Amino acid sequence: MYKAILHDHLDGGLRPETALELAKNIGYKPLLEVEDIGRFFDRSNSNSLENYLEAFIHTTALMKSYYALERIAFEAAEDMHKCGINIYESRYAPLYSVSNDLSIKNVLEAINSGFKQAESLYGIKSGLILCGMRNDKENVKKVGEIAIDYKDLIIGFDIAGPEMNYNPSKFNKTFKKVKDAGVNITIHAGEGDGVESIQDALNNGAKRIGHGVRIIEDINLDTNEVGKTASYIVENHIPLEICLSSNIHTNMYESYEKHPIRDLISFGFNISINTDNRLMSNTNILNEINICENIGIMKAEDLLIQSASYSFLN
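Residues numbered from 1 in each chain as written. Predicted model: local features only at pLDDT ≥ 70, side-chain atom pairs only at ≥ 80, totals over all residues. Heavy atoms only, no water.

A. Inspection of the packing of aromatic side chains at higher detail. According to the stated counting rule, one finds four aromatic pairs in the structure shown. Centre to centre, the rings of Tyr-88 and Phe-115 are 6.0 Å apart; their planes meet at 85 degrees, and the pair counts as edge-to-face. Highlighted residues: Tyr-88 in strand β2 (residues 87-92) and Phe-115 in helix α6 (residues 104-122), separated in sequence by 27 residues. Residue Tyr-88 shares its accessibility class with Phe-115, and that shared class is buried. Taking 5.6 Å as the distance between ring centres and 65 degrees as the angle between the ring planes, the aromatic pair formed by Phe-157 and Phe-175 counts as edge-to-face. Placement of Phe-157 in strand β4 (residues 156-160) and of Phe-175 in helix α8 (residues 172-180) is noted, with a sequence separation of 18 residues between them. Sitting over the ring of Phe-40, Arg-43 keeps its end group 5.2 Å from the ring centre. One Lys or Arg, Arg-208, reaches over the ring of Phe-312 and ends 3.9 Å from the middle of that ring. (Phe/Tyr/Trp six-rings, centres within 6.5 Å; stacked < 30°, edge-to-face > 60°. Helix = DSSP H or I, 4+ residues; strand = E, 2+ residues; numbered from the N terminus. Buried < 20%, exposed > 50% of the residue type's maximum accessible area, 1.4 Å probe, protein only. Lys NZ or Arg CZ within 6 Å of the ring centre and 35° of its normal.)

Now the structure itself:
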């Protein structure tokens, strides 16, 4: 039986001990001065989105060699396997790793090599989604070109980073080229911005919505009246890549009880449960399932099984 994770950031899922070892290998001082590496990266009690995101400065600094990327990818897939996952989609902004010593092809091959090693050992199938950083139009354009040029080495294209004021339509030319090349598109939307951002993602070819929780704002919970965008998503079975812990830790919602996931399920949305950033949120998929059950979502593991049919690896 297949169980899938669709939304997990490679640079948000390093093992703490691996981060420390890689830091020692390259003499990365900010982490060598840390007393407790796990506690340093744990942003589950973060008081701002900026504080949460600051941790990525340090993980991406470690992802500058073939060895590091290969190891991080292997360990990510291995950790997913240990949690019962056998279809794993990982996403990463590849230009963080490009240097004079590491070409973009090297970056993609290193990550895929790690995935292949895990598949050989455990049978888990993994694939890479490329992320352009939406606060940098040139970055998005370049990553879109990479997605097209190396589409045989990846499974999809996304834009990540600050959502507010960076709607997908700002990159409509890139999305059109990527779509025309036959590359799958999933877009972060409905997290830092609302329904308009989600609609814009759909308009630009999104087959899935990364997060998408704010689609609940297109529904009147008193009258059960469903708006145009929400209706389209339900009727066309567009999956929402829900990341519970991440939504709480970035202060989207005050508590798990106030998270709209239960309402989204009751209104018929296709929901997948995901980990987003395992290191910063100090989580894994077993923990996310436990959270679901604690807030009354029974048989939450079934959502992982359903997610397999939404995967770009399927």
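B. Geometry of a negative patch on the surface. Where like charges cluster on the molecular surface, the negative patch consists of Asp-136, Glu-138, Glu-145 and Asp-149. One can find Glu-145 in helix α7 (residues 137-149). Given a relative accessible area of 39%, Glu-145 falls into the partly exposed group. (Patch = residues over 30% accessible without salt bridge, like charges linked within 9 Å, V, L, I, M, F, W, Y side chains within 5 Å. Areas by Shrake-Rupley, 256 points an atom, 1.4 Å probe, with all protein chains shown as cover. Salt bridge = Lys/Arg side-chain N within 4 Å of Asp/Glu carboxyl O. Lys, Arg positive; Asp, Glu negative; His and termini not counted. Charge placed at Lys NZ, Arg CZ, Asp CG, Glu CD.)

C. Spatial organisation of helix α9 (residues 195-203). Turning to α9, its buried residues number three or more, namely Val-195, Ser-197, Ile-198, Asp-200, Ala-201 and Leu-202. Those residues of α9 that are buried are in contact with β5 (186-189), β6 (208-211) and α10 (228-235). Phi turns positive, to about 95 degrees, at Gly-205, one or two residues after α9. (Contact = heavy atoms within 4.5 Å.)

D. Examining the pattern of salt bridges more closely. Taken as a whole, this structure holds 19 salt bridges when the rule is applied. One salt bridge in this structure joins Arg-15 and Glu-78, with 2.6 Å as the shortest N-O distance. Of this pair, Arg-15 sits in the loop between β1 (4-5) and α1 (16-26) while Glu-78 sits in helix α5 (residues 66-82); the two residues are 63 residues apart in sequence, bridging distant segments of the chain. Residue classification places Glu-78 among the buried residues on the basis of a relative accessible area of 10%. Note that Lys-176 is salt-bridged to Asp-180, the shortest N-O span being 2.8 Å. In this pair, Lys-176 and Asp-180 both sit in helix α8, four residues apart, roughly one turn of the helix. On the accessibility criterion, Lys-176 (53% relative accessible area) is exposed. Judged by relative accessible area, which is 56%, Asp-180 ranks as exposed. The network of salt bridges with shared partners includes Asp-8, Arg-15, Glu-21, Arg-71, Glu-75, Glu-78, Asp-79 and Arg-278.

E. Highlighting the state of the cysteines. Applying the stated rule across the entire model yields zero disulfides. Left unpaired, Cys-131 is separated from the closest cysteine sulfur, that of Cys-243, by 12 Å. By relative accessible area, Cys-131 is classed as buried at 1%. For the unlinked cysteine Cys-243, the closest cysteine sulfur is that of Cys-292, found at 11 Å. (Disulfide = S-S within 2.5 Å.)

Just distances and angles here, no functional claims.
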